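# Structural overview for review
Here is how the chains run, residue by residue.
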Amino acid sequence: RDLLDYMRSMIPTDAGDNKLAERVIFTFACLTVALMWGMMTSEMLMPIMPWWFVVMVPIIITFRFLQYQQRNHHYFIFDFCYFANAFTALYLLTNPSNPYFFALMHSIVNGPVAWATPLYRNSLVFHSLDRLCSLFIHFAPMCCLYVV
């Protein structure tokens with residue numbers, strides 16, 4: 001219980017009252033964008049992308065859940081996009097050589113989840129954890145399955 005309270009206190013609000021958390025988020029976002037670009041363009045780093053995605057999904061969804069829980073919006077975690085991310089991670093962990101599972105995940109990730117990016121006006125705002133999580137949830141599965 002104390003750990004959850006501590007994690008909730010580290011999530012900045014829109015008022016900008018936690019400067020250290022904003023700096024950490026900004027640095028983390030810049031490094032993530034650079035790493036993601038490197039993994040998509042470098043043949044040497046491409047094999048890392050699926051494992052990076054599998055590690056990042058639980059972290060991002062946990063932060064998102066804690067952020068939503070503060071606003072009593074935690075039922076938004078049951079949205080289709082979160083399930084698509086979870087199933088993409090499941091696909092990468094269990095059977096990445098299955099062509100039928102790949103076709104299913106590819107159509108889900110490049111269909112409704114991809115179209116949600118411009119529809120919900122997701123943008124890359126480095127100091128906003130809310131917008132970073134939204135962009136990651138809608139954009140990272142596409143990039144990951146592109147590399148696979």
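A quick note: this is a predicted structure, and the numbers were derived from the prediction, not measured.

### A look at the packing of aromatic side chains
In this structure the tally under the stated criterion is six aromatic pairs. Taking 6.3 Å as the distance between ring centres and 25° as the angle between the ring planes, the aromatic pair formed by tyrosine 75 and phenylalanine 78 counts as stacked. By way of ring pairs, the aromatic residues Trp52, Phe53 and Phe136 are connected into one cluster.

### Let's talk about helix H6 (residues 129-147)
Given a rise of 1.5 Å per residue, 19 residues ought to cover 27 Å, and the 25 Å separating the end C-alpha atoms of H6 matches this to within 8%. Largest kink in H6: about 35°, centred on phenylalanine 139, with the proline proline 141 one to four residues after it.

### Considerations on the nonpolar core
Core analysis: the biggest nonpolar cluster contains 34 residues, and Met49, Trp52, Phe53 and Phe136 have the highest contact counts within it. Of all the secondary-structure elements, those providing two or more residues to this core are helix H2 (19-41), helix H3 (49-70), helix H4 (80-94), helix H5 (99-119) and H6. Here phenylalanine 53 is in contact with Asn85, Thr88, Ala89, Leu92, Phe136, Ala140, Pro141 and Cys144, once residues within four sequence places are set aside.

Rules used in this analysis
Here the residue index of a chain counts from 1 through its sequence in written order. Local features in this predicted model are restricted to residues whose pLDDT is 70 or higher, and side-chain atom pairs enter the listing and the counts only when it is 80 or higher, whereas totals over whole chains, interfaces and linings include all residues. The basis for every side-chain value is the complete set of heavy atoms in the structure, and neither hydrogens nor water enter the calculation. Any pair of Phe, Tyr and Trp rings, taking the six-membered ring for Trp, is counted once the centres come within 6.5 Å. Such a pair is stacked with planes under 30 degrees apart, edge-to-face with planes over 60 apart, and tilted for the rest. Comment: elements are numbered from the N terminus, with helices defined as DSSP H or I runs of at least four residues and strands as E runs of at least two. Residue count minus one, scaled by 1.5 Å, sets the expected span of a helix. The quantity called bend is, for any residue, the angle between two axes fitted respectively to the seven residues ending at it and the seven beginning at it. Throughout this description, the term nonpolar core refers to a set of buried Ala, Val, Leu, Ile, Met, Phe, Trp, Tyr and Cys residues connected via side-chain atoms within 4.5 Å. Relative accessibility thresholds used throughout: buried, under 20% of the residue-type maximum; exposed, over 50%; partly exposed, between the two (1.4 Å probe, protein chains only). Contacts were defined at the residue level, with two residues in contact if any of their heavy atoms lie within 4.5 Å.

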